[in-house]
Amino acid sequence: IKSGFQETPEAMVQIASVQSLSRRLSRWKDVPFGYIVIDEAHHALAKTYLSICKLYPGAKILGVTATPCRLNRESFRKIFDKLIVSKSVQQFIDDGYLSPFRYYSIKPDNDLQYDIDSINVFGANGDYAEQELMKVCDKTKIRARLIKSYKDYALGKKGIVYSINKTHNKHIASQYEEIGVRVATIDADTPESERKKIV
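Nothing here was measured: the structure is a model prediction, and the numbers come from that model.

Draft legend 1. Looking closely at helix α7 (residues 140–154). The first and last C-alpha atoms of α7 sit 20 Å apart over 15 residues, in line with the 21 Å expected at 1.5 Å per residue. Among the residues of α7, I142, R143, I147 and Y150 are the ones counted as buried. Relative to the axis of α7, the buried residues are bounded by an arc of 160° and lie together on one face. Relative to its buried face, α7 has exposed residues pointing more than 90 degrees away, namely K141 and K148. Looking at the buried side of α7, the elements it contacts are α5 (111–117), α6 (130–137) and α8 (166–178). Within two residues after α7, G156 carries a phi angle of roughly 85°, on the positive side.

What follows is the structure in C-alpha cells.
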C-alpha cells in the first residue's frame, strides 16, 4: 500500500507504512485483517497507529521492537497484552547470529547527556521533539565530538553516521568534508538509483 502503486485488496498480505495506511483507511476499512504486525512497535501508542488498530478490533496484534519502552514512560497495555523478551545480544553473538562489537558512548554524567535528558518535549510517537533535539545536538561543538570520535576510533574506516534530520545531515557531512573525509548524504528524498550509487 504505497503512493504510485496499484493496490490489490484481495492479496493475503498487505504491507504499508503507518503514514500511507492511515491516509487511506477509508479504502481499507472493510478488509477484515486478522493479524496486524507493527515494526518499531515503541511508536504504537501514537494516534496514527491506534486509529489503524481500532479499525480492526478483532485482529491479533504483534509488535516488534528492539526498544520496548517510551521516553514518556507510557504503558503499552492499551494495545499489547504480553511482553515477550528475546535472547540477549550476547547470546546471539555466542550463537553466531551477530558479530561481536565494541561500543563507545558519552558518559552518563556528560554535559551533552544532561542536556538531552533535560528535553521534556516529545513528538506524537514518543520520541524527542525534533526541534528540541536540534537545539541541543546541532552545534559545531557537538559535531566536533563526532569528528574526534571518528579520529580516535574509526580513522580510515567506512561508516554510517545517523542524523536528526536533513539539515543536521548536511551540517555533519560538511564537518567531515572540512577534515578531508569522503562523505555523502542520503535522506528520504534521495532517489533509489543515486542511493545505490552512493552506497
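Draft legend 2. Spotlight on a nonpolar patch on the surface. A cluster of nonpolar side chains, V89, Y97, L98, F101 and Y103, forms an exposed patch at the surface whose accessible area comes to about 620 Å². With respect to the helices and strands, Y103 occurs in the loop between α4 (89–94) and α5. Using a relative accessible area of 65% as the deciding quantity, one classes Y103 as exposed.

Draft legend 3. Highlighting the pairing of strand β1 (residues 35–39). Because side chains alternate across β1, one face comprises the buried residues I36 and I38, and the other comprises Y35, V37 and D39, none of which is buried. Relative to strand β2 (residues 60–64), β1 runs parallel, the two sharing five bridges. Looking across to β2, one finds that V37 is bridged to L62. Crossover connection from β1 via helix α3 (residues 47–55) to parallel β2: handedness right-handed.

Draft legend 4. Representation of the packing of aromatic side chains in the model. Taken as a whole, this structure holds six aromatic pairs when the rule is applied. When the ring of F33 is compared with that of Y56, the centres are 5.0 Å apart and the planes differ by 75°; the resulting orientation is edge-to-face. Of this pair, F33 sits in the loop between α2 (25–28) and β1 while Y56 sits in the loop between α3 and β2, and the two are 23 residues apart along the sequence. When the centroid spacing of 6.3 Å and the interplanar angle of 45° are considered together, the rings of F76 and F80 count as tilted. The burial state of F76 is the same as that of F80; both residues are buried.

Draft legend 5. The arrangement of the pattern of salt bridges in detail. Applying the stated criterion across every chain yields a total of twelve salt bridges. Note that R24 is salt-bridged to E7, the shortest N-O span being 3.5 Å. Taken together, the residues span a long stretch of sequence, with R24 in the loop between α1 (18–23) and α2 and E7 in the segment before α1 at a distance of 17 residues. Accessibility assignment for this pair places R24 and E7 in one class, buried. Ionic pairing is found between E192 and K196, a salt bridge with its closest N-O pair at 3.6 Å. Here E192 pairs with K196, and both are found in helix α9 (residues 192–198), just four residues apart, close to one helical turn.

What counts and what doesn't
Residues numbered from 1 in each chain as written. Predicted model: local features only at pLDDT ≥ 70, side-chain atom pairs only at ≥ 80, totals over all residues. Heavy atoms only, no water. Helix = DSSP H or I, 4+ residues; strand = E, 2+ residues; numbered from the N terminus. Expected span 1.5 Å × (residues − 1). Buried < 20%, exposed > 50% of the residue type's maximum accessible area, 1.4 Å probe, protein only. Arc of directions from axis to C-beta. Contact = heavy atoms within 4.5 Å. Patch = residues over 30% accessible without salt bridge, like charges linked within 9 Å, V, L, I, M, F, W, Y side chains within 5 Å. Areas by Shrake-Rupley, 256 points an atom, 1.4 Å probe, with all protein chains shown as cover. Salt bridge = Lys/Arg side-chain N within 4 Å of Asp/Glu carboxyl O. Pairing = 2+ DSSP bridges. Right-handed = clockwise from strand over helix to strand, strands pointing away. Phe/Tyr/Trp six-rings, centres within 6.5 Å; stacked < 30°, edge-to-face > 60°.

That's the geometry; what it means functionally is another story.
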